[in-house]
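# Examining the three-dimensional arrangement
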Amino acid sequence: MKVRCASCGADFSPERDRPFLECPFCASTLYLDRARTFPRLVLPPVLSASRAVLELRNAWRSGELPELPVLETKGLLLPFWSVRGRESQGAVPAFSPRPSCLEEFRLPGAGARVGEAAPPGFEAVPCSQGASTAWMGAGEGTSFTLFMVPFFRIRYGSPRRTYTAWVDGVLGRTLFEETPPPLSAHISRRFWAAMSLLFALFALESFFLPGPAAAAAVPLTGVFLFPLFRRMVQGASR
């Protein structure tokens, strides 16, 4: 690969592990934009926006998470740096800020095609030079490849509390930045609240009623309050 000097117009082969180059003909200092210099592969999306929301709902169910209203679904092409021949070992996000859930993202094994244009319905996120330079080590520049990976960023919840999930547009994997408490946590809290209420009622009946009356009132109270107890616990799973 050759670059052209902006000062004298000469072509020369650069050392691509350096962000700044010196022209061997006129000694001018040139800035090397890594995002434009290294190979760029675009992964075609397989999922639609509606299918991505469906994958999110499936992830909610498998993780026993509450199903909340979807507020926004946006298709984004996210840039990831990878070392050629080692894509299966993962990739490093080349954009900023970087969600923690995408730090261990692994590229698909196949399906990349060379291209510059973003697929319809997707917006390309620019490659951050700062995020890229911090990761690239000296002497490895010739092996880097920039992958543009389609993701659906889905925001859900309420105007007061919003959560974000990322759905891989190729494989349909769902990654969460943060999640609301699982349904089991809601059920546990309601269960112990109902049990505490029953215990308090049984204690009051045993204290204020004589022995025979308390022996009859306690099981009757449990029978009459059982439907309320069941609704309290089941209400957390809706």
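Note that the coordinates shown come from a computational prediction; the quantities given were computed from them, not determined experimentally.

Helix and strand content of the protein: five helices and 12 strands. Residue burial in the protein is summarised as follows: out of 238 residues, 38% are buried. Here the contacts in the protein between residues at least 6 apart in sequence split such that 62% fall between residues at least 24 apart. With an accessible surface of roughly 13700 Å², the protein has 58% of that area assigned to carbon and sulfur atoms.

Checked against the element boundaries, arginine 153 lands in strand 10 (residues 144-157). With a relative accessible area of 15%, arginine 153 lands in the buried category. Not counting chain neighbours up to four residues away, the residues in contact with arginine 153 comprise Glu72, Thr73, Lys74, Leu76, Thr164, Ala165 and Trp166.

As a further point, take the nonpolar core. Membership of the largest hydrophobic core comes to 19 residues, with the highest contact counts inside it found for Leu56, Phe152, Ile154, Tyr156 and Val167. Mapped by element, the contributors of at least two residues to this core are helix 2 (49-62), strand 6 (70-83), strand 10 and strand 11 (162-168). Here this core gets five residues from one element, more than from any other, and that element is strand 10. For leucine 56, the contacting residues outside a window of four places in its chain are Ile154, Tyr156, Ala165, Thr174 and Phe176. Phe80, Phe95, Cys101 and Phe151 belong to the second largest nonpolar core, which has 16 residues in total.

Another point: the packing of aromatic side chains. For the coordinates displayed, the defined rule picks out eight aromatic pairs. Cluster of aromatic residues (ring-pair linked, three or more members): Phe80, Phe95, Phe105, Phe151 and Trp166.

Summed over all chains, the structure comprises nine salt bridges. By sharing partners, the salt bridges in this structure join Arg57, Arg61 and Glu67 into a single network.

Let us look at the confidence of the model for the protein. The pLDDT averaged across the protein works out to 74; a share of 57% of its residues lies at or above 70. Put simply, helix 1 (residues 34-37) is where the protein has its lowest mean pLDDT, 52, and strand 11 is where it has its highest, 95. Counting contacts from residues 137-142, a segment whose pLDDT is below 50, to residues more than four positions away or on other chains yields 13 contacts.

With respect to the helices, strands and loops of the structure, serine 100 is situated in the loop between strand 7 (92-93) and strand 8 (113-114). The class of serine 100 is exposed, set by a relative accessible area of 57%. For the pair serine 100 and glutamate 178, spaced 78 residues apart in sequence, the C-alpha to C-alpha distance is 9.7 Å.

On to the environment of proline 159, then. With respect to the helices and strands, proline 159 occurs in the loop between strand 10 and strand 11. For the pair proline 159 and leucine 71, spaced 88 residues apart in sequence, the C-alpha separation works out to 8.6 Å.

Turning to the pairing of strand 11, a few remarks are in order. Burial of strand 11 is extensive: six of the seven residues sit out of reach of the surface. Note: strand 11 against strand 12 (residues 174-176), three bridges, orientation antiparallel. Note that in strand 12 the partner of tryptophan 166 across the bridge is leucine 175. With antiparallel pairing between neighbouring strands as the criterion, strand 11 and strand 12 make up a hairpin whose turn holds five residues, including glycine 172 at a positive phi of roughly 80°.

What follows covers unusual backbone geometry. Outside of glycine, negative phi angles account for most residues, and trans bonds account for most peptide bonds. Of note, the amide linkage connecting serine 96 to proline 97 takes the cis form, showing an omega dihedral of 0°. Along the polypeptide, proline 97 turns up in the loop between strand 7 and strand 8. Although it is not a glycine, glutamate 64 adopts a positive phi angle of roughly 55°. With respect to the helices and strands, the residue glutamate 64 is situated in the loop between helix 2 and strand 6.

Conventions and cut-offs
- Residues numbered from 1 in each chain as written.
- Predicted model: local features only at pLDDT ≥ 70, side-chain atom pairs only at ≥ 80, totals over all residues.
- Heavy atoms only, no water.
- Helix = DSSP H or I, 4+ residues; strand = E, 2+ residues; numbered from the N terminus.
- Buried < 20%, exposed > 50% of the residue type's maximum accessible area, 1.4 Å probe, protein only.
- Contact = heavy atoms within 4.5 Å.
- Areas by Shrake-Rupley, 256 points an atom, 1.4 Å probe, with all protein chains shown as cover.
- Core = buried A, V, L, I, M, F, W, Y, C linked by side-chain atoms within 4.5 Å.
- Phe/Tyr/Trp six-rings, centres within 6.5 Å; stacked < 30°, edge-to-face > 60°.
- Salt bridge = Lys/Arg side-chain N within 4 Å of Asp/Glu carboxyl O.
- pLDDT = per-residue confidence, 0-100.
- Pairing = 2+ DSSP bridges.

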